Amino acid sequence: MNLLEKFKETVLSVVPIMAIVLVLGLTVAPLGSVTMIRFVAGGLLLIIGLTIFLLGVDIGILPIGERSGAALTAKRNLALLLGVSFVIGFMVTIAEPDVQVLADQIGNVAAGVNKWVLVCMIAIGVGLFVMLGLLRTVLSLSLRWVLVVAYVLLFVLAFFSPAAFQGVAFDAGGATTGPMTVPFIMALGVGVAAVRSSGKKEDGDNSFGLTGIASIGPIAAVCVYGIVLSVTGSSGAGQEVLSAAQETGAVLSDKAAGLGIFVQLFPEVVKEVSLALMPLVVMFVAFQIFLVKMPPFQVRRMISGLVYSFVGLIIFLVGVNGGFMPAGQQLGLVLGQSAVSNGGIWIVLLVAVGFVFGAVVVCAEPAVWVLTEQVESVSGGTIKRKVMLIALSAGVALSIGLSMLRVFYGFSLWYILLPGYALALILTFFCPPLFTGIAFDSGGVASGPMTSTFILSFTLGVASSCGGSSVTDAFGVIALVAMTPLIAIQILGIIFKNKSSKTKNPEVAR
């Protein structure tokens, strides 16, 4: 078991954010002793919970994903492969902690949105596009054209969706690719690619892109959900029911029992986690009986992994809801109010804080380090990890800094999303296919647990203090973070292609 390794990864991911918040909360943005104590306690619970959860995913969930992909492909039944891949995408997404956190935050500020209906819509979107991604792999379809067609149709769909759902939808695409969904989908894709591999180079290219395609599904699904609510005239569709500031105040006043808030949250969180993981348990039992037929030793490991995931997810969500997210909202509220009241240097400070949070979040994300190793290996060392980290850090920092300006001045999310995604899709025509696959797979890498929990909460607080709509102004920050790697990695891929051409290595550069 690599418990210590997982603990180190989680500490590196969470502690930098905690340090910045503590400095700000004790100086320019005083948060109060109750909020600070809860924040520290919530951060510790988050570290412990995420460590245990990731360990469970590694030892019990990933192996069955890879075995299922290999077993399904070996049966040479395309209908069976696609049908079961939909079920896998659906079930795994429901259990994704980032999706649970996002749905809770949406439910706090938007009327007419049922949490579990929203989660199921996101899960349906992932399931359908996992099917599409595996179909592309099996048929060796061009990733470039699948992405171009899918995103063009997606933006048309988003255009007809209510404004209140547009930012939420694109955030759902980033939040879905979290610590549960990404490893499982990648394991499923590896299993499929391993069986169908014929040793040709294009098979290596086809092994990337599944996660990138899957992340389109939840965006489309939430847009459809918004359109349905709008057409049916469901009560309060897209309207705010509670501002981020009011929600923060409610948390701090109504549950002012100090650390007792974590005890109060425990029963409800246990219930929600049980509902989220039960379909996954049923799916695993069915797979074991009818598909993979693992030996007893592997079955015991799978059961242990599920137990670890269950316990870890409970601790994670209790920490997030009890201390981490409320402190993020309160910090955003205080800094936003200072910027509104005083302007000038406070606006600069607000943007600078967002910029620093972006740089720290992406550098602290464990999956980013895995990604940078992957790109350095694929490029034969031509593209160094340090260069990758600088590119991703600058891009994500810029995206969150822009998000602060967008929230403060109230300009449309489309002013950033449209040119950003247009550039990402244009780059696919110049970038080597392998790097395009890696880039779109990594779109969700930067938008990990810290973005879905703390950064979104911080942005909600800023939006509330600025007097705008929390729904239309705050949501969209995860989408901007997820968009950055699509551009950064493809630019690096083009650089690598040019260097390879000069060294007369066209086999890798094509």
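The structure contained in this document is the topic of the report that follows. Being a predicted model, the structure only gives us computed values, none of them experimental.

## So, a nonpolar patch on the surface
Then, in step 1: On the surface, Trp-145, Val-149, Leu-153, Ile-426, Phe-429 and Phe-430 cluster together into a nonpolar patch covering about 630 Å² of accessible area.
Then, in step 2: It is helix 6 (residues 143–160) that provides the largest number of residues to the nonpolar patch, a total of three residues.
Then, in step 3: Residue placement: Phe-429 occurs in the loop between helix 18 (414–427) and helix 19 (433–441).
Then, in step 4: Look at Phe-429 and you get partly exposed, because its relative accessible area is 39%.

## Section: the pattern of salt bridges
Then, in step 1: The tally for this structure, following the rule as stated, stands at three salt bridges.
Then, in step 2: Measuring nitrogen to oxygen at the nearest pair gives 3.1 Å for the salt bridge that ties Lys-115 to Asp-104. One end of the pair, Lys-115, is in helix 5 (residues 115–139); the other, Asp-104, is in helix 4 (residues 97–109), and 11 residues separate them in sequence. Like Asp-104, Lys-115 is buried.
Then, in step 3: For Lys-115, the salt bridge is made with Glu-272, and the minimal N-O distance between the two is 2.6 Å. Of this pair, Lys-115 sits in helix 5 while Glu-272 sits in helix 13 (residues 260–292), placing them 157 residues apart in sequence.
Then, in step 4: Taken together, the shared-partner salt bridges in this structure form one network comprising Asp-104, Lys-115 and Glu-272.

## Remarks on empty space enclosed by the protein
Then, in step 1: Enumeration according to the criterion identifies four cavities of 30 Å³ or more in this entry.
Then, in step 2: If you add up the space inside the largest cavity, you get close to 130 Å³.
Then, in step 3: Along the walls of the largest cavity sit 17 residues, with Tyr-151, Ser-215, Tyr-421, Gly-443 and Ala-482 positioned nearest its centre.
Then, in step 4: Across the lining of the largest cavity, the residue classes break down as eight nonpolar, eight polar and one charged.

## Describing helix 18
Then, in step 1: Here helix 18 contains 14 residues, and its C-alpha end-to-end distance of 19 Å stays within 8% of the 20 Å for a straight helix at 1.5 Å per residue.
Then, in step 2: Residues of helix 18 that are buried: Trp-414, Ile-416, Leu-417, Gly-420, Tyr-421, Ala-424, Leu-425 and Leu-427.
Then, in step 3: At its buried positions, helix 18 is contacted by helix 6, helix 7 (163–176), helix 17 (385–409), helix 19 and helix 22 (477–502).

## Some thoughts on the packing of aromatic side chains
Then, in step 1: Under the definition given, this model contains 20 aromatic pairs.
Then, in step 2: An angle of 50° between the planes, with centres 6.1 Å apart, marks the rings of Tyr-151 and Phe-440 as tilted. On the criterion of sequence distance, the pair formed by Tyr-151 in helix 6 and Phe-440 in helix 19 is long-range, its members being 289 residues apart.
Then, in step 3: For Tyr-151, a relative accessible area of 3% corresponds to the buried category.
Then, in step 4: Classification of Phe-440 as buried rests on a relative accessible area of 3%.
Then, in step 5: Of the aromatic side chains, those joined through ring pairs into one cluster are Tyr-151, Phe-155, Phe-170, Trp-414, Tyr-421 and Phe-440.

## Topic: the side chain of Thr-436
Then, in step 1: Looking at where Thr-436 falls in the secondary structure, it is placed in helix 19.
Then, in step 2: Classification of Thr-436 by relative accessible area gives buried; the value is 3%.
Then, in step 3: Beyond its immediate chain neighbours, meaning those up to four positions away, Thr-436 contacts Leu-143, Leu-147, Thr-428, Cys-431 and Gln-490.

## Notes on the packing of helix 6 against helix 11 (residues 216–232)
Then, in step 1: Interhelical geometry of helix 6 versus helix 11 gives an angle of 20° and a closest axis separation of 9 Å. On the basis of their axis angle, the class for helix 6 and helix 11 is roughly parallel. The element helix 6 and its partner helix 11 pack so that their crossing is left-handed. Facing helix 6, whose interface residues are Leu-147, Ala-150, Tyr-151, Leu-154, Leu-157, Ala-158 and Phe-160, helix 11 presents Ile-216, Ile-219, Ala-220, Cys-223, Val-224 and Ile-227.

## A short note on the nonpolar core
Then, in step 1: One finds Phe-170, Leu-280, Leu-331, Phe-357, Phe-454 and Phe-458 to be the most contacted residues of the largest nonpolar core, which totals 163 residues.
Then, in step 2: Not counting chain neighbours up to four residues away, the residues in contact with Phe-170 comprise Leu-154, Phe-155, Ala-158, Ile-219, Trp-414, Leu-417, Tyr-421 and Ala-479.

## Quick word on the side chain of Gln-288
Then, in step 1: Its location among the elements puts Gln-288 in helix 13.
Then, in step 2: On the accessibility criterion, Gln-288 (18% relative accessible area) is buried.
Then, in step 3: A distance of 2.8 Å separates a polar side-chain atom of Gln-288 from the backbone nitrogen of Met-294.
Then, in step 4: When residues no more than four places from it in sequence are discounted, the contact partners of Gln-288 are Lys-293, Met-294 and Val-299.

## Considering the environment of Phe-129
Then, in step 1: Relative to the elements of secondary structure, Phe-129 occurs in helix 5.
Then, in step 2: Phe-129 sits in the buried class, given a relative accessible area of 18%.
Then, in step 3: Considering only alpha carbons, one finds Phe-129 and Ile-213, 84 residues apart in sequence, at a separation of 6.2 Å.

## Section: the packing of helix 2 (residues 33–74) against helix 3 (residues 78–94)
Then, in step 1: The geometry of helix 2 relative to helix 3 is characterised by a closest axis approach of 9 Å and an angle of 160° between their N-to-C directions. Between helix 2 and helix 3, the crossing angle belongs to the class labelled roughly antiparallel. Of the two possible hands of crossing, helix 2 and helix 3 adopt the one that is right-handed. Contact residues: Ser-68, Leu-72 and Thr-73 in helix 2; Leu-80, Leu-81, Val-84 and Ile-88 in helix 3.
Then, in step 2: For the contact of helix 2 with helix 3, the residue count by class is five nonpolar, two polar and no charged.

Conventions used here
- Residues numbered from 1 in each chain as written.
- Predicted model: local features only at pLDDT ≥ 70, side-chain atom pairs only at ≥ 80, totals over all residues.
- Heavy atoms only, no water.
- Patch = residues over 30% accessible without salt bridge, like charges linked within 9 Å, V, L, I, M, F, W, Y side chains within 5 Å.
- Areas by Shrake-Rupley, 256 points an atom, 1.4 Å probe, with all protein chains shown as cover.
- Salt bridge = Lys/Arg side-chain N within 4 Å of Asp/Glu carboxyl O.
- Helix = DSSP H or I, 4+ residues; strand = E, 2+ residues; numbered from the N terminus.
- Buried < 20%, exposed > 50% of the residue type's maximum accessible area, 1.4 Å probe, protein only.
- 1 Å grid on protein atoms, 1.4 Å probe; cavity = no way out; pocket = protein on both sides within 12 Å on 5 of 7 lines; lining within 4 Å.
- Points joined across faces, edges and corners; volume = space filled by probe spheres on them.
- Nonpolar A, V, L, I, M, F, W, Y, C, P; charged D, E, K, R; others polar.
- Expected span 1.5 Å × (residues − 1).
- Contact = heavy atoms within 4.5 Å.
- Phe/Tyr/Trp six-rings, centres within 6.5 Å; stacked < 30°, edge-to-face > 60°.
- Axes fitted to C-alpha atoms, helices over the stretch in contact; angles between N-to-C directions.
- Parallel < 35°, antiparallel > 145°, perpendicular 65-115°, else oblique.
- Left-handed = near helix turned anticlockwise from the far one by under 90°.
- Core = buried A, V, L, I, M, F, W, Y, C linked by side-chain atoms within 4.5 Å.
- Polar contact = N/O pair within 3.5 Å; in protein donor to acceptor, adjacent residues only side chain to side chain.

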